[in-house]
Amino acid sequence: MTLNETIAHLRAAHLMVRDAHEWDGLSSALSEAYNSNDDDLIEQLQQPFVQSWRTVTHYVLRDTFDAVGISVSDSNHPWGIATLTANGISREPVLCHVDLADPQGSGVAAADRPKFLTFAEAMTYYADCLAPLFEDVSESQKLNVT
């Protein structure tokens, strides 16, 4: 399976749960809850939003990731989807913009408010996280094929 095929599976699996408009609506609602400091609404929206992404990745896409030699484990970041690992390299797609200069990858924007990704941005970031894992998997597969 190629990287593009894997990304297509990834996108289709998430769109089976919610369409892109619904994913974007949840991101927007969470942003609005943070902007208005509505802790009750944040708590109400955060868990189902993050859990939906995590469930699709851990369970629906299990065979897809197994087929290309990528293991899936729990995320370390509070807005992380999962930790994806292949041949000693790990990447963690998250649902908000992260400060790459921050070694902790805080994902916190101004005034301690995360800036959430749209569905399209999340898919792009997810694909960017997969690419180096996939290149490494592809290289090891080439070495094993003789």
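As the structure is a computational prediction, the values presented were derived from the model and not from experiment.

### Details of a nonpolar patch on the surface
Line of reasoning, step 1. The grouping of Met16, Val17, Tyr59 and Val60 at the surface amounts to a nonpolar patch, some 440 Å² of accessible area in total.
Line of reasoning, step 2. Elements supplying a minimum of two residues to the nonpolar patch: helix H1 (3-17) and helix H3 (39-60).
Line of reasoning, step 3. Position of Val60 relative to the elements: it lies in helix H3.

### A word on the side chain of His58
Line of reasoning, step 1. The topology assignment puts His58 in helix H3.
Line of reasoning, step 2. Here His58 falls in the buried class, since its relative accessible area comes to 16%.
Line of reasoning, step 3. Residues within four places of His58 in sequence aside, it is in contact with Val72, Ser73, Asp74, Ile81 and Ala82.

### Some details on the confidence of the model for the chain
Line of reasoning, step 1. On average, the chain scores 86 in pLDDT, and the residues at 70 or more come to 83%.
Line of reasoning, step 2. The spread of mean pLDDT over the elements of the chain runs between helix H5 (residues 119-144), the lowest at 76, and strand S1 (residues 71-73), the highest at 96.
Line of reasoning, step 3. pLDDT under 50 marks residues 103-110. Its contacts with residues more than four places away, or in other chains, come to 17 contacts.
Line of reasoning, step 4. Overall, residues 138-146 carries pLDDT values under 50, and its contacts beyond four positions in sequence, including any with other chains, amount to three contacts.

### Quick word on helix H2 (residues 20-35)
Line of reasoning, step 1. If you check H2, its first and last C-alpha atoms are 22 Å apart, about what 16 residues at 1.5 Å a residue would give, namely 22 Å.
Line of reasoning, step 2. Among the residues of H2, Trp23, Leu26, Ser27, Leu30, Ala33 and Tyr34 are the ones counted as buried. Considered in projection along H2, the buried side chains sweep an arc of 125 degrees and stay on one side of the axis. Of the exposed residues in H2, the ones pointing more than 90 degrees away from its buried face are His21 and Glu32.
Line of reasoning, step 3. The N-cap of H2, judged by a side-chain oxygen 3.1 Å from the amide nitrogen of His21 a few residues on, is Asp19.
Line of reasoning, step 4. Where H2 ends, the next residue or the one after it, Asn37, has phi of about 55 degrees, a positive value.

### Points about the side chain of Glu92
Line of reasoning, step 1. Along the polypeptide, Glu92 turns up in the loop between strand S3 (89-91) and H5.
Line of reasoning, step 2. Buried and without a salt bridge, Glu92 has Arg54 as its closest oppositely charged side chain, separated by 6.3 Å.
Line of reasoning, step 3. Within polar-contact distance, the side chain of Glu92 engages the side chain of Ser75 at 2.2 Å.
Line of reasoning, step 4. Of the polar contacts made by the side chain of Glu92, one reaches the backbone nitrogen of Asn76; its length is 2.7 Å.
Line of reasoning, step 5. Ignoring sequence-local partners within four residues, the contact set of Glu92 consists of Ser75, Asn76, His77, Gly80, Ala82, Thr83, Tyr125 and Cys129.

### Some thoughts on the packing of H1 against H3
Line of reasoning, step 1. Where H1 meets H3, the axes come as close as 10 Å, and the angle between the chain directions of the two elements is 125 degrees. Classified by the interaxial angle, the pair formed by H1 and H3 is oblique. Taken as a pair, H1 and H3 cross one another with a handedness that is right-handed. For the pair H1 and H3, the contacting residues are Ala13, His14, Met16 and Val17 in the first and Trp53, Val56, Thr57 and Val60 in the second.
Line of reasoning, step 2. Among the residues making up the contact of H1 with H3, the classes are represented as six nonpolar, two polar and no charged.

Criteria and thresholds
Residues numbered from 1 in each chain as written. Predicted model: local features only at pLDDT ≥ 70, side-chain atom pairs only at ≥ 80, totals over all residues. Heavy atoms only, no water. Patch = residues over 30% accessible without salt bridge, like charges linked within 9 Å, V, L, I, M, F, W, Y side chains within 5 Å. Areas by Shrake-Rupley, 256 points an atom, 1.4 Å probe, with all protein chains shown as cover. Salt bridge = Lys/Arg side-chain N within 4 Å of Asp/Glu carboxyl O. Helix = DSSP H or I, 4+ residues; strand = E, 2+ residues; numbered from the N terminus. Buried < 20%, exposed > 50% of the residue type's maximum accessible area, 1.4 Å probe, protein only. Contact = heavy atoms within 4.5 Å. pLDDT = per-residue confidence, 0-100. Expected span 1.5 Å × (residues − 1). Arc of directions from axis to C-beta. Polar contact = N/O pair within 3.5 Å; in protein donor to acceptor, adjacent residues only side chain to side chain. Lys, Arg positive; Asp, Glu negative; His and termini not counted. Axes fitted to C-alpha atoms, helices over the stretch in contact; angles between N-to-C directions. Parallel < 35°, antiparallel > 145°, perpendicular 65-115°, else oblique. Left-handed = near helix turned anticlockwise from the far one by under 90°. Nonpolar A, V, L, I, M, F, W, Y, C, P; charged D, E, K, R; others polar.

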